[in-house]
Amino acid sequence: MGSGILNGAANAQPSSAKAQTQSWLPNVIDALPPPISREAQATVTLAPYRFDDLLWENDRTAHRIYGHALEAVEPPSGSGVDSWGKNVRWPYADRQLRAGDQHNYHGEGLDFFHVGTTRGAGGLGIWHDNKLWTSRNYVRHRIFSSGGKEADFAVDYAPWPVDVGRKVWETRRFTLPLGTHFTRMVSTISSDKPDELLVGVGIGKRTTGPGAGEMTADREKGVFSWWGPEDADHGRMAVAIRVDPAMIADVRQDIDNYLVLLRVTPGKPFVYYSGSAWNLGQGAFHTREQWDDYVAGERLNFTVPGDNN
């Protein structure tokens, strides 16, 4: 499979005058408390006040994953990656979440990306028997760097079943430096069986509305780019996945996700990248073509840590 479009019109046009001009922003509802500093920083923040959400952001993009404590409160929360719109260079996500109203615009960004049980912006699972088997929320975290030029942390996902005959578990390291829309992911998936795994890395459908968005897939280059449907009140979100093309086994989709399937050896780390942007925020991606060009043009390193080959 070469470059192509999955489930989307190649020449789809904005459906409103707002989207055509790109000069608008949502109305501000109760501006956030001012930041301590307006300096660009890459940060990781644990939110124990919100069931151990983990927030990370840089000067261009912002994200969240969900902690184990949330499972009892909002079932069936899962291990998909949340992506937030952001239109300031300084950190804002913690102040936004503390306000208790992250879904509205308070002047610096907002969360209108609904992960649900999808993979969101680059979550993963194990593809087996024509189905994606996914973990629950992360259970442990370690923050290595925050507040400077790079956000760097790792999380563990507890063992989860793959059908009835296998269990797997994962440690994943997330690294987001300043100046990019891409978080580098280093995933190590272990198993109680030595056989090769098919890991599905996904982009959720219908995360910003009823439409599944427009997907561009280039298997030969390992580039997968999604341009979300327009929300008349919030704009669009864009998501991308970059993988090592040598690892690709197939490109598929299920009812909730666009998926790229990777051949993975249990216990052996592999690298992929997850990126996102808001069309009204940092990066000035006002069209699908601008986002696709950026995603394909980023120079990314897929070398596994400690691999000297």
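The structure presented is a predicted model; accordingly, all values stated were derived computationally and were not measured.

1. Points about the pairing of strand β12 (residues 182–191)
Along β12, nine of the 10 residues are buried, which leaves the element largely enclosed by surrounding structure. For strand β11 (residues 166–177) and β12, the ladder comprises eight bridges, and the chain directions are antiparallel. Considered in β12, the bridge of tryptophan 169 is made with serine 190. Where β11 hands over to β12, the hairpin turn is made up of four residues, of which glycine 179 adopts a positive phi near 85°. Pairing of β12 with strand β19 (residues 270–278) involves six bridges; the strand directions are antiparallel. Following the sheet pairing, valine 186 is matched in β19 by valine 271.

2. Some points on the confidence of the model for the protein
When pLDDT is averaged across the protein, the result is 92; 92% of the residues are at 70 or more. For the stretch residues 1–21, pLDDT sits under 50, and the model shows 45 contacts to residues farther than four places along the chain or on other chains.

3. Some points on the packing of aromatic side chains
Within the structure shown, the criterion is met by 13 aromatic pairs. When the ring of phenylalanine 113 is compared with that of tryptophan 226, the centres are 6.4 Å apart and the planes differ by 85°; the resulting orientation is edge-to-face. Taken together, the residues phenylalanine 113 in the loop between β6 (109–110) and β7 (121–128) and tryptophan 226 in strand β15 (residues 223–227) connect sequence positions 113 residues apart. Like tryptophan 226, phenylalanine 113 is buried.

4. What about the pattern of salt bridges?
Scanning all chains against the criterion turns up 17 salt bridges. Residues aspartate 152 and arginine 173 are paired through a salt bridge, measuring 2.7 Å at the closest nitrogen-oxygen approach. Of this pair, aspartate 152 sits in strand β10 (residues 150–162) while arginine 173 sits in strand β11, and the two are 21 residues apart along the sequence. Of the charged contacts, one joins aspartate 250 and arginine 252 as a salt bridge, the two residues approaching to 3.7 Å between their closest N and O atoms. By sharing partners, the salt bridges in this structure join Arg50, Asp53, Arg64, Glu74, Asp82 and Asp111 into a single network.

5. Remarks on the sheet that holds strand β5 (residues 82–86)
Taken in spatial order, the five strands line up as β2-β3-β4-β5-β6 in an open sheet, and their pairing is antiparallel. Of all strands in the sheet, those with a lone pairing partner are β2 (43–47) and β6, marking the two edges. By the bridge criterion, five bridges tie β2 to strand β3 (residues 53–57) in an arrangement that is antiparallel. When the sheet's bridge partners are listed, leucine 46 is paired in β3 with leucine 54.

6. Topic: the nonpolar core
The tendency in soluble globular proteins is for nonpolar side chains to be buried as a group. Counting 54 residues, the largest nonpolar core has Ile65, Val199, Phe224, Leu262 and Phe270 as the members making the most contacts within it. The leading source of residues in this core is β10, at six residues. Residues Phe182, Val186, Trp227 and Trp291 belong to the second largest nonpolar core, which totals 14 residues.

7. Observations concerning helix α3 (residues 288–297)
Restricting attention to buried positions, one finds in α3 the residues Arg288, Trp291, Asp292, Tyr294 and Val295. End-on, the buried residues of α3 take up no more than an arc of 165°, which puts them together on one face. Seen from the open side of α3, the exposed residues pointing more than 90 degrees away from its buried face are Asp293 and Gly297.

What counts, and at which threshold
Residues numbered from 1 in each chain as written. Predicted model: local features only at pLDDT ≥ 70, side-chain atom pairs only at ≥ 80, totals over all residues. Heavy atoms only, no water. Buried < 20%, exposed > 50% of the residue type's maximum accessible area, 1.4 Å probe, protein only. Helix = DSSP H or I, 4+ residues; strand = E, 2+ residues; numbered from the N terminus. Pairing = 2+ DSSP bridges. pLDDT = per-residue confidence, 0-100. Contact = heavy atoms within 4.5 Å. Phe/Tyr/Trp six-rings, centres within 6.5 Å; stacked < 30°, edge-to-face > 60°. Salt bridge = Lys/Arg side-chain N within 4 Å of Asp/Glu carboxyl O. Core = buried A, V, L, I, M, F, W, Y, C linked by side-chain atoms within 4.5 Å. Arc of directions from axis to C-beta.

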